[in-house]
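Listed below are the residues making up each chain.
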Amino acid sequence: MSRLCRKDMPPAASLAELPLPGGAPDATLTLRPLLCGEMSMPPNWFERGRGPKEMLKAFGVGVHASDLRTIPVPAYLLEHPTAGHVLIDTGLHVSIAQRNGSSAGSFGRDRVRNLGAVGAVMSRHAAMRPEATAAAQLRTLGVDPQRIGLVVMTHLHFDHASALSDFPNATVLADEREWRAAWARDHRLHGYSTAQLDPRPRYRTLDFTAPSVCARGPFERTLDVFGDRSLTLASTPGHTAGHLSPIVRTASREILLAADAAYTMSTIRHGQRPWLTHNRKAFEHSLGQIQAYDHENPDALIIPGHDMLAWQKLQATY
């Protein structure tokens, strides 16, 4: 089994120096969506209702199992022609596939430790096969997880950072505000599990107030990872304190990985709102930028964070 972090002290993290080496003029990336598991969640979690009963439904109270919504838990493999492979988020750790005995509700200790108490409850209906981990899928593609040099985290919630331990030799980029939130005293209540933050990778934080920050289209604060505009990180806080959304330039089209800045396309295009956000005002501001990007770039592809209908329309490779 892959190693799980037992340490509850933050690993060393220093400010990232961008651009990273390896950029190339006019570089385009290859992008592969990776389905690393599925979760079943109450519809009200994604589409906020009104009143106390609707709040309870958002947490699954009084919701029949048949009414739960199946959502993807994704990661994305990018390939830069000169900088090599980049992983966006990590999907679920292999321990999430393991149970004790035959009971559907009996979970292994490694699973609970990886997800944390809140994450284990929120993902109690998670389903995955061991071969669905990002690391296993990379091996199938001929990519050694031990040689992944860069992992970009949209944010550090339990369903995105679960398998960081599978990439011990990577440099991991995360917004500095997100890094602080993941290690705050109340981190467990906000969807973080420090057991996932394995101390072996090199953690580098991003400062979206630095002089290198610039606007790109409607996004007010972005960072260019390789200095060639092939991979741009847009600051989209609100869902969490330091959420970011990668913009990927492929040979055929530009792709915005909205991640949890918008769970679904219905949030972007039809006004649906999730039940819970870290900062609702910041969420609305970030969402407005994503909606403007959608309007200004009709040929671009937007991939929301957890929308199974949108996921099923994706190609294997871009």
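1. A few points about the overall build of the protein chain
When you go through the protein chain residue by residue, the secondary structure sums to eight helices and 13 strands. Scaling as 2.2 N^0.38, a compact globule of 318 residues should have a C-alpha radius of gyration of about 20 Å, and the protein chain matches this with 18 Å. Its C-alpha atoms give the protein chain principal-axis dimensions of about 55 × 40 × 40 Å. Out of the 318 residues in the protein chain, the part that is buried amounts to 55%.

2. Focus on the layout of surface pockets
For the largest pocket, the calculated volume is near 690 Å³. Lining of the largest pocket is provided by 35 residues; of these, W45, H157, H190, G191 and L276 occupy positions nearest its centre. For the lining of the largest pocket, the secondary structure elements donating two or more residues are β2 (30–41), α2 (109–122) and α4 (158–161). Taken together, M265, S266, R269, A300, L301, I302, D307, L309, A310, K313, L314 and Y318 make up the full set of residues lining the second largest pocket. Of all the secondary structure elements, the ones that give two or more residues to the lining of the second largest pocket are α6 (265–270), β13 (301–304) and α8 (308–311). Residue contributions to the lining of the second largest pocket peak at three residues, all from α6.

3. Considerations on the sheet that holds strand β8 (residues 214–216)
Taken in spatial order, the six strands of this open sheet run β8-β9-β10-β11-β12-β13, and their pairing is mixed. Looking along the sheet, the strands with just one partner apiece sit at the ends: β8 and β13. Neighbour-to-neighbour, the strand axes of the sheet open up by a mean angle of 35°, direction not taken into account. Sheet topology places strand β9 (residues 219–224) next to strand β10 (residues 231–235); three bridges connect them, and they run antiparallel. Each bridged residue has a counterpart across the sheet, and for T222 the counterpart in β10 is A234.

4. Digging into the sheet that holds strand β6 (residues 171–175)
The strand order across the open sheet built from seven strands is β1-β7-β6-β5-β4-β3-β2, with neighbouring strands paired in mixed fashion. A single partner strand is all that each edge strand has here, and the edge strands are β1 (13–15) and β2. Going from strand to strand, the sheet's axes swing by 25° on average, the running direction of each strand aside. The sheet contact formed by strand β5 (residues 150–152) and β6 spans three bridges and is parallel. The partner of V152 across the bridge, within β6, is L173.

5. Thoughts on the pairing of strand β7 (residues 202–206)
Pairing between β1 and β7: three bridges, direction parallel. Bridge pairing in β7 links L15 to T205. Where β6 lies against β7, five bridges are found, and the strand directions are parallel. Pairing of A174 across the sheet is with T205, part of β7.

6. Observations regarding the pairing of β10
When you tally the buried positions in β10, you get five out of five residues, the bulk of the element. Burial of β10 is two-sided: the residues L231, L233 and S235 facing one way and the residues T232 and A234 facing the other way are all buried. Examined bridge by bridge, β10 and strand β11 (residues 244–249) share five bridges and lie antiparallel to one another. Each residue of the ladder has a partner; that of L233, found in β11, is P246.

7. What to know about empty space enclosed by the protein
One pass over the structure, following the stated rule, counts one cavity of 30 Å³ or more. What the largest cavity holds in volume is close to 50 Å³. Taken together, P74, Y76, I88, D89, T154, H160, L257, A258, A259, I303 and G305 make up the lining of the largest cavity. Elements represented by at least two residues in the lining of the largest cavity include exactly β3 (69–80) and β12 (254–259). No other element matches the three residues that β12 contributes to the lining of the largest cavity. Residue composition of the lining of the largest cavity, by class: seven nonpolar, three polar and one charged.

Calculation criteria
- Residues numbered from 1 in each chain as written.
- Predicted model: local features only at pLDDT ≥ 70, side-chain atom pairs only at ≥ 80, totals over all residues.
- Heavy atoms only, no water.
- Helix = DSSP H or I, 4+ residues; strand = E, 2+ residues; numbered from the N terminus.
- Rg over C-alpha atoms; globule rule 2.2 N^0.38 Å.
- Buried < 20%, exposed > 50% of the residue type's maximum accessible area, 1.4 Å probe, protein only.
- 1 Å grid on protein atoms, 1.4 Å probe; cavity = no way out; pocket = protein on both sides within 12 Å on 5 of 7 lines; lining within 4 Å.
- Points joined across faces, edges and corners; volume = space filled by probe spheres on them.
- Pairing = 2+ DSSP bridges.
- Axes fitted to C-alpha atoms, helices over the stretch in contact; angles between N-to-C directions.
- Nonpolar A, V, L, I, M, F, W, Y, C, P; charged D, E, K, R; others polar.

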